Amino acid sequence: MTLTETTSADGTANAARAEAATPPAMRLRELVFGAACAAAVRAAVRLGVPDALGKDPSPVDELAAMVGTAPRQLRRLLLALASYGVFEEQADGRFAHTEMSRMLRKDSPNTLHYIALWCTEPWTWEVWPRLDEAVRGGRNIFPEVFGKEFFEYLHDDAHESARVFDRAMTASSRQSAEDIAALLDLSGVGSVADIGGGQGHVLAALLEKHPELQGTLLDLPKVVAGADPRLREGGPLAARARLVPGDCRVDIPVAADMYIIKNILEWDDDSTRRTLRNVVAAGGAGTKVIVIENLIDDTPSMRFTTAMDLLLLLNVGGQKHTRDSMVKLMTEAGLRVGEVTPVNAYLHALHSTVGGGR
């Protein structure tokens, strides 16, 4: 382990210890100032600080010159982030990467660069202050703020935010695809359908791991048109992949031995029920159905998942599920739910078969 790695790990650990030792009154003060932390992360990413800082610690003056900022103000920003374990100040005043700050680099294998931007996009600062209205009324308030529904607004009025969304979802999907491929047992499975699978990163990972497997990707026409190049015509997996444009809430015209539904059951309960029933109708008795979701349970991702849950309430009126609520919806749709297994620190897989009853 290098000196930088040692100090980076120590910096993250020190921040965690400091949080645990903080008196409740001060911790609450920090929580109500949480917007400052989110804004600081966003500012560092937009300024390019994580990408400018290399393996070795750097003086603030050098970093400021690289990213085009005022040195004193950049130091203030870095000190704020270092208090959370994002970057670390050395004894000589230079700043070094920590495990968290490295993940804000674009070239990090597990980059959160675009996730950090997506979760702090300008529109989020407009809707968070009205969370009380969404909770009181039980509805999304995005149309009241912007005059149109969320995805319509992204498409029409927030093109850069839409690009950030696409990149964030692509990065997240790529990172989880290998975990899912490693988890799933495909014994006796000759064909897989990835329902609402976006660009098809999960399907591509499964096809690469299992050379005899056939796969289908179903998603909205515009999404399928931008599928992973490996799946499209001329790609190395194209001969075993079928791309089907469609809306899984309306119909699933795909036959397969196993259906995978990852992180799309976030709408209202009626839409979720329709999707699950369409899978049941398409698959028939005994077909395997794997639902992969962020669950609101006592897991390491609890704070992140509950925050996403509240944001879904604000922008589209959707929700994340607990294990029990997800199992209930699946059972009502005619699925027999078996084990629930962790995919990684923030995703769980609910293994089920078509058959009714639990």
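A short tour of the structure in this document, coming up. Source: prediction; values computed, not measured. (Residues numbered from 1 in each chain as written. Predicted model: local features only at pLDDT ≥ 70, side-chain atom pairs only at ≥ 80, totals over all residues. Heavy atoms only, no water.)

1. Points about the overall build of the chain
Worth spelling out the cut-off: Segments assigned H or I by DSSP are reported as helices when at least four residues long, segments assigned E as strands when at least two residues long, and all are numbered from the N terminus. Radius of gyration here uses only the C-alpha atoms, and the compact-globule reference equals 2.2 Å multiplied by the residue count raised to the power 0.38. Partly exposed residues are those whose accessible area sits between 20% and 50% of the maximum for their type, while under 20% is buried and over 50% is exposed, using a 1.4 Å probe and protein chains only. Whether two residues touch is decided by their heavy atoms; if any such pair falls within 4.5 Å, the residues are in contact.
Broken down by element type, the chain carries 18 helices and nine strands. In terms of overall size, the chain behaves like a compact globule, its C-alpha atoms giving a radius of gyration of 22 Å where 358 residues would be expected to give roughly 21 Å. Across its three principal directions, the C-alpha atoms of the chain cover 65 × 50 × 40 Å. Looking at the 358 residues of the chain, the share that counts as buried comes to 46%. Sequence separation of 24 or more characterises 63% of the internal contacts of the chain that already satisfy a separation of 6 or more.

2. Quick look at the side chain of Gln175
You can see Gln175 is positioned in helix α13 (residues 159-183). Overall, Gln175 belongs to the buried group, its relative accessible area being 18%. Once residues lying within four places of it in the same chain are set aside, the contact partners of Gln175 are Pro109, Asn110, Thr111 and Tyr346.

3. Thoughts on the sheet that holds strand β6 (residues 258-262)
Here is the rule: Note: two strands are recorded as paired if DSSP finds a minimum of 2 bridges between them. Interaxial angles span 0 to 180 degrees and are taken between N-to-C directions of axes, which are lines fitted to C-alpha atoms, for helices over the stretch in contact.
Spatially, seven strands are ordered β5-β4-β3-β6-β7-β9-β8 in an open sheet, and the strand pairing comes out mixed. The strands lining the two open edges of the sheet, one partner per strand, are β5 (241-245) and β8 (335-342). Between one strand axis and the next, the sheet turns through 20° on average, direction left out of account. Note that strand β7 (residues 288-293) and strand β9 (residues 348-354) share six bridges and pair antiparallel. Note that in β9 the partner of Lys288 across the bridge is Thr353. Packing against the sheet, α13 makes contact with β6, β7, β8 and β9, and its axis sits at approximately 145° to β6.

4. Here we look at the pattern of salt bridges
This is how it is decided: Salt bridges are identified by distance alone: a Lys or Arg side-chain nitrogen within 4 Å of an Asp or Glu carboxyl oxygen.
Counted by the stated rule, this structure contains 18 salt bridges. Among the charged side chains, a salt-bridge network with shared partners connects Arg130, Glu133, Arg139 and Glu144.

5. Comments concerning the side chain of Ser301
If you trace the backbone, Ser301 turns up in the loop between β7 and α17 (302-315). The buried category is assigned to Ser301, whose relative accessible area is 6%. Leaving out residues up to four positions away in the same chain, Ser301 has contacts with Ala345 and Tyr346.

6. Let's talk about the packing of aromatic side chains
We apply this condition: Paired rings are identified among Phe, Tyr and Trp, the last through its six-membered ring, by centres lying within 6.5 Å, and are further divided according to the angle between planes into stacked (under 30 degrees), edge-to-face (over 60) and tilted (the rest). The rule for a charge over a ring is simple: NZ of Lys or CZ of Arg within 6 Å of the ring centre, and within 35 degrees of the ring normal.
Within the structure shown, the criterion is met by 11 aromatic pairs. A centroid spacing of 4.8 Å and a plane angle of 65° characterise the contact between Trp123 and Phe150, whose relative ring orientation is edge-to-face. Placement of the pair is Trp123 in helix α9 (residues 122-127) and Phe150 in helix α12 (residues 150-157), with a sequence separation of 27 residues. An identical accessibility class is assigned to Trp123 and Phe150; each is buried. Among the aromatic residues, those joined into a ring-pair cluster are Trp118, Trp123, Phe142, Phe146, Phe150, Phe151, Tyr153 and Phe165. When the ring centre of Trp267 is taken as reference, the NZ or CZ atom of Arg249 above it lies at 4.9 Å.

7. Here's the deal with the packing of helix α5 (residues 60-67) against helix α6 (residues 71-82)
As a reminder of what qualifies: Angles are sorted into four bins: roughly parallel if under 35 degrees, roughly antiparallel if over 145, roughly perpendicular if 65 to 115, and oblique for all others. Three classes are used: nonpolar for Ala, Val, Leu, Ile, Met, Phe, Trp, Tyr, Cys and Pro, charged for Asp, Glu, Lys and Arg, and polar for all others, with Gly counted as polar.
Across the interface, α5 lies against α6 with an axial gap of 9 Å and an inter-helix angle of 105°. Comparing their axes, α6 and α5 come out roughly perpendicular. Along its contact with α5, which presents Val60, Asp61, Leu63, Ala64 and Val67, the element α6 presents Pro71, Leu74, Arg75 and Leu78. Looking at side-chain class alone, the contact of α5 with α6 contains seven nonpolar, no polar and two charged residues.

8. Let's talk about the packing of helix α16 (residues 269-283) against helix α18 (residues 323-332)
To keep it simple, the criterion reads: Crossings are classed by handedness, with left-handed meaning an anticlockwise turn of the near helix from the far one by less than a right angle and right-handed meaning a clockwise turn.
Orientation of α16 relative to α18, taken along the N-to-C sense of each, is 50°, at an axis distance of 9 Å. It follows from the interaxial angle that α16 and α18 lie oblique. The chirality of how α16 crosses α18 is right-handed. Packed against α16, whose contacting residues are Asp269, Thr272, Arg273, Leu276 and Arg277, the element α18 presents Met326, Leu329, Met330 and Glu332 at the interface. Here the residues of the contact of α16 with α18 are counted per class, giving four nonpolar, one polar and four charged.

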